[in-house]
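# Chain and residue survey
Below are the chains, spelled out letter by letter.
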Amino acid sequence: MIAFIKLLRRTINSFLTSLVFFAILAVAVLMWGISTHMSVRNIGKLNAMKRSSGNDDANSYIETPSTTEMETSLPVRKEVDNSFTHSQFVPDKSEQQDINAPEEKTQNKGLNLRSRQEYFIPPPDDVPVRRFPQAVIIGFGKCGTRAMLTFLSLHPYIVIHHEEVHFYTDDKLYAKGYKWYLNQMPFSYSNQVTMEKSPDYVCSNRARQEIAEHFPDCKLIVLVRNPVVRIVSAFLQRFRFKETTQRPPMNVMYMNTKTNEFNPNASAVDVGIFHKHLSPWLRTFSRDNILVVSDEDLTTDPLSVLKRAEKFLNIPPMLNEDNFYYNETSGFYCCRRYSTDEQPRCMNINKGWKHPELPADDEKMLYDFYRPHNKKLFKLLNETYNWEKT
């Protein structure tokens, strides 16, 4: 009897042990099934996020609160697909992390907070997003637009597109639509000014009409220059890759080479008739939205020009004499940002060439041609520039 009871106990203990083992195993299998199911659901969600954002990296998707700034509606043209998703206005994680990286890593975004973070304060909880330009340097070519953009990029409340976009003047780019245009812009905070420069806009009716229709409050910056000197600069730009001895005569810019007569319709000549191209813009936009400065002033006293620009753009006055120094070797001003470990930036080798002399008769002819046009410009702007030969 005692032996039977012992056997019964061992049997019961074995059964209970097996029952506990199978119970634990069942729980483990159940937990594994739930985990697998959730993983599949998450992968599905991430794939949906990628498809809606157009981003191949699911980990770069960032969901942020919807704001008016982020969901700026795109101008619509019938012939262009301007549909967009909210995620196009939201930077991915890698882009946000790079905001404070050295300039060489962020130059396409126009942000250099590493050296300017002491001077720039973004709004609380603000996220940098792409915005349409609130300011555009529209012209004129060979009148200091690159220097103006570079100097303005010193300001911590300005972010720039470093290259010329030519959205309105290049048919192929224009056909890509405003979604493409927006995606070319750098990331910026809501209290910064996004800026681009395309010097051929000033001569384009399409640029003027499109900007007026879709961005009527856009700030427009125009640089002008002694038009005779501008022709020489345009000549050097056009033939910059040729040795001096291989360049054609300078009169190819303003003479009909077949008849050897002055050609007032030559492109290089026409651009310098500033009042002709600027008048339509002044009729279309408020005068308060257009800043006109001369390249001569920018070259000799950049700080005073930039102080005017700060006021024009309604941004804090922060640039000062410490941001500039005169380079005796080049004869031009160089600029420096705020950080002490950053090298000053001077004009590159493609800028600031020594100008060759125009033939005396050609020079007189050009000054005589432009003189009445310059007077019309001075009257239009109620400002006079010393553009006579000195």
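What you see is a predicted model; the values in this text were computed from it and never measured.

Quick look at the sheet that holds strand 2 (residues 135-139) now. In spatial order, the strands read 3-5-2-6-9; together these 5 strands make up an open sheet with parallel pairing. For this open sheet the edge positions go to strand 3 (158-160) and strand 9 (290-294), each flanked by a neighbour on one side alone. Neighbouring strand axes in the sheet, compared pairwise and without regard to direction, differ in orientation by 25° on average. Across 3 bridges, strand 2 lies against strand 5 (residues 193-197) in parallel orientation.

Turning next to the pairing of strand 11 (residues 332-335). Where strand 10 (residues 324-327) meets strand 11, 4 bridges bridge the pair, whose relative direction is antiparallel. In the strand pairing of strand 11, Tyr-325 is matched with Cys-334. Following strand 10, the chain reverses through 4 residues before pairing antiparallel with strand 11; Gly-331 in that reversal takes a positive phi of roughly 80°.

This part covers the UniProt feature "active site" (unreviewed entry) in the chain. The UniProt entry lists Lys-142 under the feature "active site" (unreviewed entry), expressed in the numbering used here. Since its relative accessible area comes to 18%, Lys-142 is described here as buried.

Within the largest apolar cluster, 65 residues are counted, with the highest numbers of intra-cluster contacts made by Met-148, Tyr-168, Met-195 and Trp-281. Looking at this core element by element, the count peaks at 6 residues for helix 13 (residues 302-313). Ignoring sequence-local partners within four residues, the contact set of Trp-281 consists of Ile-138, Tyr-201, Val-202, Ser-204, Ala-207, Arg-208, Ile-211, Leu-220 and Ile-290.

On to the pattern of salt bridges. Enumeration according to the criterion identifies 9 salt bridges in this entry. Glu-363 is the partner of Lys-389 in a salt bridge, and the nearest nitrogen-oxygen pair spans 3.4 Å. Remark: Glu-363 occurs in helix 14 (residues 360-381) and Lys-389 occurs in the segment after helix 14; sequence separation between them is 26 residues. Judged by relative accessible area, Glu-363 falls into the buried class, the value being 14%. Three or more residues are tied together by salt bridges with common partners; here these are Lys-364, Asp-368, Arg-371 and Glu-388.

On to the pairing of strand 6 (residues 219-224), then. For strand 6, a buried count of 5 out of 6 residues is recorded, marking the element as mostly surrounded by other parts of the structure. Here 5 bridges tie strand 6 to strand 9, and the two strands are oriented parallel to one another. The residue of strand 9 that forms the bridge with Val-224 is Ser-294.

The interhelical angle for the contact between helix 5 (residues 145-152) and helix 13, taken along N-to-C directions, is 70°, at an axis separation of 11 Å. Taken together, the axes of helix 5 and helix 13 lie roughly perpendicular to each other. Relative to helix 13, helix 5 is oriented so that their crossing is right-handed. On the side of helix 5, the interface is formed by Met-148, Phe-151 and Leu-152, while helix 13 contributes Pro-302, Val-305, Leu-306 and Ala-309. Along the lines of polarity and charge, the residues of the contact of helix 5 with helix 13 split into 7 nonpolar, no polar and no charged.

Most of helix 11 (residues 274-284) sits out of view: 8 of its 11 residues are buried. Three or more residues of helix 11 are buried, namely Phe-274, His-275, His-277, Leu-278, Ser-279, Pro-280, Trp-281 and Leu-282.

Bringing unusual backbone geometry into the picture now. The omega torsion across Gly-139 and Phe-140 is -10°, close enough to zero to call that bond cis. Note that Phe-140 resides in the loop between strand 2 and helix 5. Even without a glycine there, the phi angle at Lys-142 is positive, about 65°. Along the chain, the position of Lys-142 falls in the loop between strand 2 and helix 5. Positive phi, normally seen in glycine, also occurs at Asn-314, with a value near 60°. Along the chain, Asn-314 turns up in the loop between helix 13 and strand 10. Of the residues examined, Asn-314 reaches a relative accessible area of 71% and is grouped as exposed.

Cut-offs used in this document
Every residue gets a number counted from 1 within its own chain, in the order that chain's sequence is written. Local features in a predicted model are, by the rule used here, given only for residues with pLDDT of at least 70; side-chain atom pairs are given and counted only at 80 or more, and totals for whole chains, interfaces and linings are based on all residues. No hydrogens and no water enter the side-chain calculation; it runs on all heavy atoms of the structure. Pairs of strands are assigned from DSSP output, requiring at least two bridges between the strands. Put simply, DSSP marks the helices as runs of H or I at least four residues long and the strands as runs of E at least two long, and each gets a number from the N terminus on. Simply put, an axis is a line fit to the C-alpha atoms, just over the touching stretch for a helix, and the angle between two N-to-C directions goes from 0 to 180 degrees. UniProt positions are given in the numbering used here, feature names are shortened, and annotations may be inferred rather than shown by experiment. Buried residues are those whose accessible area, probed at 1.4 Å on protein chains only, stays under 20% of the maximum for their type, while exposed residues exceed 50% and partly exposed ones sit between those limits. The set of buried Ala, Val, Leu, Ile, Met, Phe, Trp, Tyr and Cys residues whose side-chain atoms join them within 4.5 Å is what this entry labels a nonpolar core. In this analysis, two residues are considered to be in contact whenever any of their non-hydrogen atoms come within 4.5 Å of each other. Should a side-chain nitrogen of Lys or Arg be within 4 Å of a carboxyl oxygen of Asp or Glu, the pair is scored as a salt bridge. Should an angle fall under 35 degrees it is taken as roughly parallel, and over 145 as roughly antiparallel, whereas 65 to 115 is taken as roughly perpendicular and any remaining angle as oblique. Put simply, a crossing is left-handed when the front helix is turned counterclockwise from the back one by less than a right angle, and right-handed when it is turned clockwise. Residues are sorted three ways: Asp, Glu, Lys and Arg are charged, Ala, Val, Leu, Ile, Met, Phe, Trp, Tyr, Cys and Pro are nonpolar, and all the rest, Gly among them, are polar.

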